[in-house]
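Chain by chain, the residues run as shown.
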Amino acid sequence: MTSSEESVARAEACANIALAKYWGKSPRGDNLTAVPSLSLTLDSLRTRTEVRFQSSLRSDEARLDGRALTGRPLERIVALLDRVRAASGETRRALVTTSNDFPTAAGLASSASGFAALALAASHAARTGWDRARLSALARQSSASAARSLYGGFVALAAEAASATPVAPIDHWDLTMLVAVVTAGPKPIGSTGGMVHTAETSPLYGAWVADAPRLYDEVQRAVLARDFPLLAQAMEQSSLTMHATMFAARPPVIYLRGATLDLIERLRQWRDEGLPLAFTMDAGPNVKVLTPSEHADALATRLADVPGVGSVLRCRPGPAARLLALDGPLEEAIPLPESEALP
Ligand code: PMV
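Residues numbered from 1 in each chain as written. Predicted model: local features only at pLDDT ≥ 70, side-chain atom pairs only at ≥ 80, totals over all residues. Heavy atoms only, no water.

So, on to the nonpolar core. Within soluble globular proteins, side chains that are nonpolar generally end up buried alongside one another. Grouped together as the largest cluster of nonpolar side chains are 54 residues, with contacts concentrated most on Trp 23, Val 51, Leu 80, Leu 81 and Trp 208. Residue contributions to this core peak at nine residues, all from helix H2 (residues 110-125). With 30 residues, the next largest nonpolar core counts Leu 19, Leu 38, Ala 168 and Leu 290 among its residues. (Core = buried A, V, L, I, M, F, W, Y, C linked by side-chain atoms within 4.5 Å. Buried < 20%, exposed > 50% of the residue type's maximum accessible area, 1.4 Å probe, protein only. Helix = DSSP H or I, 4+ residues; strand = E, 2+ residues; numbered from the N terminus.)

Moving on to helix H3 (residues 132-142). With respect to burial, H3 is a largely interior element, eight of its eleven residues being buried. Among the residues of H3, Arg 132, Leu 135, Ser 136, Ala 137, Leu 138, Ala 139, Arg 140 and Ser 142 are the ones counted as buried. Next to the buried residues of H3 lie helix H1 (71-88) and H2. (Contact = heavy atoms within 4.5 Å.)

Let us now look at the pairing of strand S2 (residues 37-54). When a strand is regular, its side chains alternate between the sheet's two faces. Taking burial as the measure, the 18 residues of S2 include 13 buried ones, the bulk of the element. Bridge analysis of strand S1 (residues 6-20) against S2 gives 13 bridges, and the strand direction is antiparallel. Within S2, the position partnered with Asn 16 by the bridge is Thr 41. As paired strands, S2 and strand S6 (residues 154-157) are joined by four bridges and run antiparallel to one another. What sits directly across from Leu 38, in S6, is Ala 156. Inspection of the sheet shows S2 paired to strand S5 (residues 93-100) by eight bridges, in the antiparallel sense. Bridge pairing links Phe 53 to Ala 94 in S5. (Pairing = 2+ DSSP bridges.)

Across all of its chains, the model carries 20 salt bridges by this definition. A salt bridge links Glu 6 to Arg 52; the nearest nitrogen and oxygen atoms lie 2.8 Å apart. Placement of Glu 6 in strand S1 and of Arg 52 in strand S2 is noted, with a sequence separation of 46 residues between them. The partner of Arg 271 in a salt bridge is Glu 236, with the nearest N and O atoms 2.8 Å apart. Highlighted residues: Arg 271 in helix H7 (residues 258-272) and Glu 236 in helix H6 (residues 228-247), separated in sequence by 35 residues. Connected through shared salt-bridge partners, Glu 6, Arg 10, Glu 50 and Arg 52 make up one network. (Salt bridge = Lys/Arg side-chain N within 4 Å of Asp/Glu carboxyl O.)

See below:
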């Protein structure tokens, strides 16, 4: 809806989990990544965001799950809105209302779905007419992993690329990702700070940057060929090499917990017994376990019984970010200006 007083848009985006990880920024700046990454967008981890540019507002305001945001979280939202205003000529301040259907800051990639939904809603409300690649670049400037959440299915972000690109559509491979939520206190350090510190102090960082393209190629080959054993090997090595690089920083960056490592040991036993699975960990203690969907029930039952696992979330490949209707039901999709034939 647009009037001289206000202009509104709503969008929804899903989180994504990297199968080939990125960790580290390019020296070229602009939040470009040092290494390529490849992710799977997940259907049941969603963020919905409404952006309302209003002439009556003196400053930008944001609410997440009913709570007013302040400090760094608000500043990051304002920075994205400022980019949209600078490019579109929109001058009004915005009221941003956002909600997650999963626990925020539990290491579940809420910044990816959050900035993807915000980029889409803010750009549409400011009537930029930007295509999906441009929206992906806008989201990337706030959170590099968010660039990938503009697309559905399997998605790549090349090293130093402005935007993500789709690799394979949502129905390419019937996989399920089970997120084993490991109960733990707050994160030791956010991902941006953790990356900078790792790059500056870890003697293994150069080796990680040198090897990440090979791991990325292997993950991509495995995805395209639907080769689960190859995918398991490559994605686990990607995650563990990333964490090993952080372990070697001074002081070390340790996101994994005892319960994380105990769970990994069990997962490897279950695989030896014949259950196909592949695990990956991000900047947090949770373990994300990928499996062909026909094994998801058996795996979910076993995971729920492991001590230290608080809950298990079940996710299938998810769709691209989309606009939502303002006056119909929230689920009603509106096509993007140029929806291309995207997954
Ligand atoms: O771009 P950020 O700050 O959301 O960092 C994401 C980093 C990892 O999740 C650990 C890896 C990745 O490629 O998503």
